[in-house]
Amino acid sequence: MKSLLVLFFTLCLGCSILAQTQIELKISDGILHVTTFGEGPALVVINGGPGMSSNGFVGLAESLCETNTVILFDQRGTGKSVMNEVSAKTITMDLMVADMEVIRKNLGFEEWIVMGHSFGGMLASYYTSKFPERVKGLILSSSGGLDLSLLNTLNITARLSQKDQDSLNFWNNKIRNGDTSFHASLQRGTYLAPAYLYDNTHRNKIAQRLTEGNSQINSLVWQNLRAINYDCKKEIETYKKPVLIIQGAQDIIDKNIATSSHRLFSNSDLVFIDNCAHYGWLEQPEVYYGSLNRFLMKVAG
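Residues numbered from 1 in each chain as written. Predicted model: local features only at pLDDT ≥ 70, side-chain atom pairs only at ≥ 80, totals over all residues. Heavy atoms only, no water.

Spatial strand order, 1-2-4-3-5-6-7-8: 8 strands in an open sheet with mixed pairing. Strand pairing shows two members of the sheet lacking a second neighbour, strand 1 (21–27) and strand 8 (268–273), which therefore form its edges. Within the sheet, the average angular offset between the axes of one strand and its neighbour, ignoring direction, is 20°. Direction of pairing for strand 1 relative to strand 2 (residues 30–37): antiparallel, over a ladder of 7 bridges. Along strand 2, the bridge assignment pairs T21 with T36. Docked against the sheet, helix 3 (residues 93–107) engages strand 1, strand 2, strand 3 (42–46), strand 4 (69–73) and strand 5 (112–117), running at close to 125° with respect to strand 1. The sheet strands contacting helix 10 (residues 255–264) are strand 7 (243–248) and strand 8, and the helix crosses strand 8 at an angle near 160°. (Pairing = 2+ DSSP bridges. Helix = DSSP H or I, 4+ residues; strand = E, 2+ residues; numbered from the N terminus. Axes fitted to C-alpha atoms, helices over the stretch in contact; angles between N-to-C directions. Contact = heavy atoms within 4.5 Å.)

So this is what it looks like as structure tokens:
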């Protein structure tokens, strides 16, 4: 179960690699890679993982950049954001929040809308708890929540068919026994992917993305979340600006994660999307993007 748990926070899946602007920002212990799309009020989008790059969010960014400057960034140690050292000292939530402030200041925005998907929702919430005055609005998409209660309810493999579970166990054992081939990783992803989907239409896309995670970064982030006893609830209660909480009604995340967050925020909207699991923009794009665009208009107004 532990080996599967770290795979919970997967990324969005984009369809293009085109970008408006790519920037490399020097920080004290490495380089941050940032990509921007479009023009208008700033919307920073935080991908899930942890341990994956932002590349899978390009399609989402391109869908939202008609009215906003959409900002993607590779979290430290992932993608093109290179660290001088990767360790428990350099991979922390507080340093990732500090990275976001470096990005915001460098791009010249006094405030921005912050959107986080999956693990990215946890980082978005943590950033908001530290810099509420910089967050004009908050979007939590299939977020892991405001504390670590997710770990009490998450059971990734529960919805897998017996065939998928047996096949997943087979490829997990192959990998544990030293098979480092891409084929083994892709097969493992293929049989794990249905856990994140309402149906298997996008199985191949999810499987491909599941091959791209950095397990070292993933483990270090979870280690830090436990070390700091991640819990934003007290600070979040004082946040008064608009919040959108959105996730699939059939997500692997317990609905109570979203509803409890909704109760804490004083100015939040909660949207459950039916016939949809972890990937609203893939499985129900009309409803998902419609909800996001209405929220962005609300915040802009």
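Buried within helix 10 we find I257, A258, T259 and S261. Tucked into the core, helix 10 has its buried residues touching strand 7 and strand 8. Measuring from the backbone nitrogen of N256 back to the side-chain oxygen at the start of helix 10 gives 2.7 Å, which picks out D254 as the cap. (Buried < 20%, exposed > 50% of the residue type's maximum accessible area, 1.4 Å probe, protein only. Polar contact = N/O pair within 3.5 Å; in protein donor to acceptor, adjacent residues only side chain to side chain.)

Bringing helix 8 (residues 215–227) into the picture now. Taking 1.5 Å per residue as the helical rise, helix 8 with its 13 residues ought to reach 18 Å, and the 18 Å between its terminal C-alpha atoms agrees with that figure. Restricting attention to buried positions, one finds in helix 8 the residues I217, N218, L220, V221, W222, N224 and L225. Packing partners of the buried residues in helix 8 comprise helix 3 and helix 4 (119–130). Measuring from the backbone nitrogen of Q216 back to the side-chain oxygen at the start of helix 8 gives 3.0 Å, which picks out N214 as the cap. (Expected span 1.5 Å × (residues − 1).)

Let us look at the side chain of S53. By the secondary structure assignment, S53 is in the loop between strand 3 and helix 2 (58–64). At a separation of 3.3 Å, a polar atom in the side chain of S53 contacts the main-chain amide nitrogen of N55.

A few words now on the pairing of strand 3. Judged by how many residues are buried, strand 3 sits mostly within the fold: 5 of 5 residues are covered. Because side chains alternate across strand 3, one face comprises the buried residues A42, V44 and I46, and the other comprises L43 and V45, equally buried. Bridge count between strand 3 and strand 4: 4 bridges; the pairing is parallel. Looking across to strand 4, one finds that V44 is bridged to I71. Where the polypeptide runs from strand 3 across helix 2 and back to strand 4, its parallel neighbour, the crossover connection is right-handed. Note: strand 3 against strand 5, 4 bridges, orientation parallel. Opposite V45, over in strand 5, you have M115 as the bridge partner. (Right-handed = clockwise from strand over helix to strand, strands pointing away.)

All chains considered together, the criterion is met by 1 cavity of 30 Å³ or more. L140, S142, S143, G145, I245, I246, Q247, I257, A258 and S261 are the residues that line the largest cavity. Contributing elements (two or more residues each) for the lining of the largest cavity: strand 7 and helix 10. Tallied by class, the residues present in the lining of the largest cavity amount to 5 nonpolar, 5 polar and no charged. (1 Å grid on protein atoms, 1.4 Å probe; cavity = no way out; pocket = protein on both sides within 12 Å on 5 of 7 lines; lining within 4 Å. Points joined across faces, edges and corners; volume = space filled by probe spheres on them. Nonpolar A, V, L, I, M, F, W, Y, C, P; charged D, E, K, R; others polar.)

None of this, on its own, says anything about what the molecule does.
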